[in-house]
Amino acid sequence: MTRFYLVAIFALVAVTASQEEVIDDILNSLSKGAAFLDNEHLNINLDGVVGFLILQAELKEAVRTWPHTDPVSWAQRTTAVALVKQLDQSLAKAVSALQQNDPKYYREFEPLLTWRFWVVPQEWSSTDPSLTYSSTRTMECYDEQLSDKCMTLLLGTWKNNGTPCIVTKSCRDTMTRFGCPHYSLSHQLLYFMIGTMKGCSNMLKGDMRASRTNLTERSYQKIFCSNMMKSNQEAIKDGFTGQTQDIFIENILLCGLAGFSDFYKADWLQHILRLQDQDMGCFGRDERMISQIIGDELLEQLQPHRRVKRREKTLRDGCSSHMTGVAVSALGGYLNYYLTEQDITKRPLA
């Protein structure tokens with residue numbers, strides 16, 4: 001019996017040590033990402049800034065609820081506190097630069113440009129493979145302009161002093177359409193997440209379809225994330241391109257933030273960490289991916305409705321503003337999840 005307890009204790013110590021090493025890796029990566037923001041705060045686009053703001057919300061929650069006070073864990077918490085202070089300064093400059101460089105876009109999405117908007121999950125659930133679509137469209141379901149319009153109607157920024165939480169039939173039908181792929185799928189999820197965080201209730205009011213009677217806002221989030229899980233699993237199986245790398249990480253960010261813990265897979269974390277440029281601190285700098293991003297930008301200028309992806313910006317030395325933003329916020333999600341795992345009072349729901 002004594003031997004059994006010793007084995008159990010050694011196993012627990014090994015798991016704890018392993019998790020501490022992973023948290024070190026995450027914090028090290030985030031420190032490099034924060035240094036990149038310091039250097040690029042005048043140039044990073046709205047997507048990138050939002051990603052760092054989500055990270056800021058995640059770090060503040062991590063610092064507030066840090067579960068251990070042993071020396072190693074406390075040193076990690078101290079690193080997180082320093083990151084919060086660094087991001088406070090850099091993000092203030094970055095948001096100010098956005099307001100100056102693109103005032104219309106800034107005004108439309110201003111409510112998202114504070115860490116206080118973003119709610120970190122307090123409990124966890126899992127996706128359901130039975131909810132995946134039998135078939136998926138090959139092309140996106142809608143363009144960026146429609147997505148932006150529906151978001152601003154929720155946020156109340158569609159005009160000065162606009163009423164928030166407006167859901168038009170066009171937006172409701174578009175954002176509840178099944179079978180959408182890629183960015184239109186992730187932005188359907190984002191639409192419902194933003195509505196929930198904004199405090200909008202009855203987003204589905206007026207939907208008279210009998211087949212959708214029992215579906216709630218949370219039901220749609222679970223359906224979308226179940227399909228985003230399938231998309232990520234297929235990307236792993238089929239191999240990555242520049243475009244699928246980006247949406248792969250965005251899916252982890254959004255579904256993790258929506259509380260689906262099965263997106264926080266250890267091998268997916270290692271994949272994200274490997275994508276970081278160790279010198280610049282950014283993500284998406286691979287030469288082949290740079291060509292893909294630049295090619296997509298040129299194609300988007302010729303076909304402005306081809307994709308549902310906000311204004312990508314390739315920064316100096318080929319860094320991707322969008323991928324860097326989604327990667328650091330996905331890593332912040334991993335950090336909070338691993339800390340939750342260490343706190344037995346916050347274990348995932350069955």
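The structure reproduced in this document is the subject of the present report. (Residues numbered from 1 in each chain as written. Predicted model: local features only at pLDDT ≥ 70, side-chain atom pairs only at ≥ 80, totals over all residues. Heavy atoms only, no water.)

**Here we look at the overall build of the chain**
No. 1: Summing up its helical and strand segments, the chain has 12 helices and 0 strands in all.
No. 2: When the helices and strands of the chain are listed from N to C terminus, the series reads α-α-α-α-α-α-α-α-α-α-α-α.
No. 3: Scored against the burial criterion, the 350 residues of the chain give a buried share of 53%.
No. 4: When contacts within the chain are restricted to residue pairs at least 6 apart in sequence, long-range pairs at least 24 apart make up 79% of them.
No. 5: Total accessible area computed for the chain in this model is approximately 16300 Å², and 54% of it derives from carbon and sulfur atoms. (Helix = DSSP H or I, 4+ residues; strand = E, 2+ residues; numbered from the N terminus. Buried < 20%, exposed > 50% of the residue type's maximum accessible area, 1.4 Å probe, protein only. Contact = heavy atoms within 4.5 Å. Areas by Shrake-Rupley, 256 points an atom, 1.4 Å probe, with all protein chains shown as cover.)

**Structural notes on the pattern of salt bridges**
No. 1: Applying the stated criterion across every chain yields a total of 6 salt bridges.
No. 2: Here Lys169 makes a salt bridge to Asp173, at a shortest N to O gap of 2.5 Å. You can see Lys169 and its partner Asp173 sitting in helix 6 (residues 169-175), 4 residues apart, about one turn around the helix.
No. 3: Residue classification places Asp173 among the partly exposed positions, given a relative accessible area of 27%.
No. 4: Between Asp277 and Arg285 there is a salt bridge, and its shortest N-O distance comes to 2.9 Å. (Salt bridge = Lys/Arg side-chain N within 4 Å of Asp/Glu carboxyl O.)

**A look at the packing of helix 10 (residues 266-274) against helix 12 (residues 321-342)**
No. 1: Here helix 10 crosses helix 12 at 145°, and the two axes come no closer than 11 Å. The handedness of the crossing between helix 10 and helix 12 comes out as left-handed. Counted together, Ala266, Trp268, Leu269, Ile272 and Leu273 of helix 10 and Ala327, Ala330, Leu331, Tyr334 and Tyr338 of helix 12 form the full contact between these two elements.
No. 2: Residues that form the contact of helix 10 with helix 12 fall into these classes: 10 nonpolar, no polar and no charged. (Axes fitted to C-alpha atoms, helices over the stretch in contact; angles between N-to-C directions. Left-handed = near helix turned anticlockwise from the far one by under 90°. Nonpolar A, V, L, I, M, F, W, Y, C, P; charged D, E, K, R; others polar.)

**Focus on helix 3 (residues 71-101)**
No. 1: With 31 residues, helix 3 extends 44 Å from end C-alpha to end C-alpha; this agrees with the ideal 45 Å at 1.5 Å per step.
No. 2: Listed in full, the buried residues belonging to helix 3 are Ser73, Gln76, Ala80, Leu83, Val84, Leu87, Ser90, Leu91, Ala94, Val95, Ala97 and Leu98. (Expected span 1.5 Å × (residues − 1).)

**Some details on the layout of surface pockets**
No. 1: The calculated volume of the largest pocket comes to roughly 550 Å³.
No. 2: Arg137, Thr138, Pro181, His182 and Ser231 are the residues nearest the centre of the largest pocket, which is lined by 24 residues in total.
No. 3: Broken down by element, the lining of the largest pocket gets its largest block of residues, 6 residues, from helix 8 (residues 217-238).
No. 4: Split into classes, the residues belonging to the lining of the largest pocket amount to 8 nonpolar, 9 polar and 7 charged. (1 Å grid on protein atoms, 1.4 Å probe; cavity = no way out; pocket = protein on both sides within 12 Å on 5 of 7 lines; lining within 4 Å. Points joined across faces, edges and corners; volume = space filled by probe spheres on them.)

**With respect to the packing of aromatic side chains**
No. 1: According to the stated counting rule, one finds 17 aromatic pairs in the structure shown.
No. 2: Ring geometry for Phe192 against Phe224: centres 6.2 Å apart, planes inclined by 45°, an arrangement best described as tilted. With a gap of 32 residues between them, Phe192 in helix 7 (residues 182-198) and Phe224 in helix 8 connect regions that are remote in the sequence.
No. 3: Judged by relative accessible area, Phe224 falls into the buried class, the value being 0%.
No. 4: Ring geometry for Phe240 and Phe248: centres 5.0 Å apart, planes at 80°, overall edge-to-face.
No. 5: A relative accessible area of 27% means that Phe240 is categorised as partly exposed.
No. 6: Here the aromatic residues Tyr133, Phe178, Tyr191, Phe192, Tyr220 and Phe224 are joined through ring pairs into a cluster of three or more.
No. 7: Over the ring of Phe178 we find Arg212, and its NZ or CZ is 3.9 Å from the ring centre. (Phe/Tyr/Trp six-rings, centres within 6.5 Å; stacked < 30°, edge-to-face > 60°. Lys NZ or Arg CZ within 6 Å of the ring centre and 35° of its normal.)

**Considering the side chain of Glu61**
No. 1: Looking at where Glu61 falls in the secondary structure, it is placed in helix 2 (residues 46-65).
No. 2: Using a relative accessible area of 14% as the deciding quantity, one classes Glu61 as buried.
No. 3: If we ignore the near neighbours within four places in the chain, the residues touching Glu61 are Val120, Gln122 and Asn336.

**Quick notes on unusual backbone geometry**
For residues that are not glycine, phi is negative in most cases, and the peptide bond is trans in most cases.
No. 1: One non-glycine residue, Cys165, lies in the positive phi region at around 65°.
No. 2: Positionally, Cys165 belongs in the loop between helix 5 (144-155) and helix 6.

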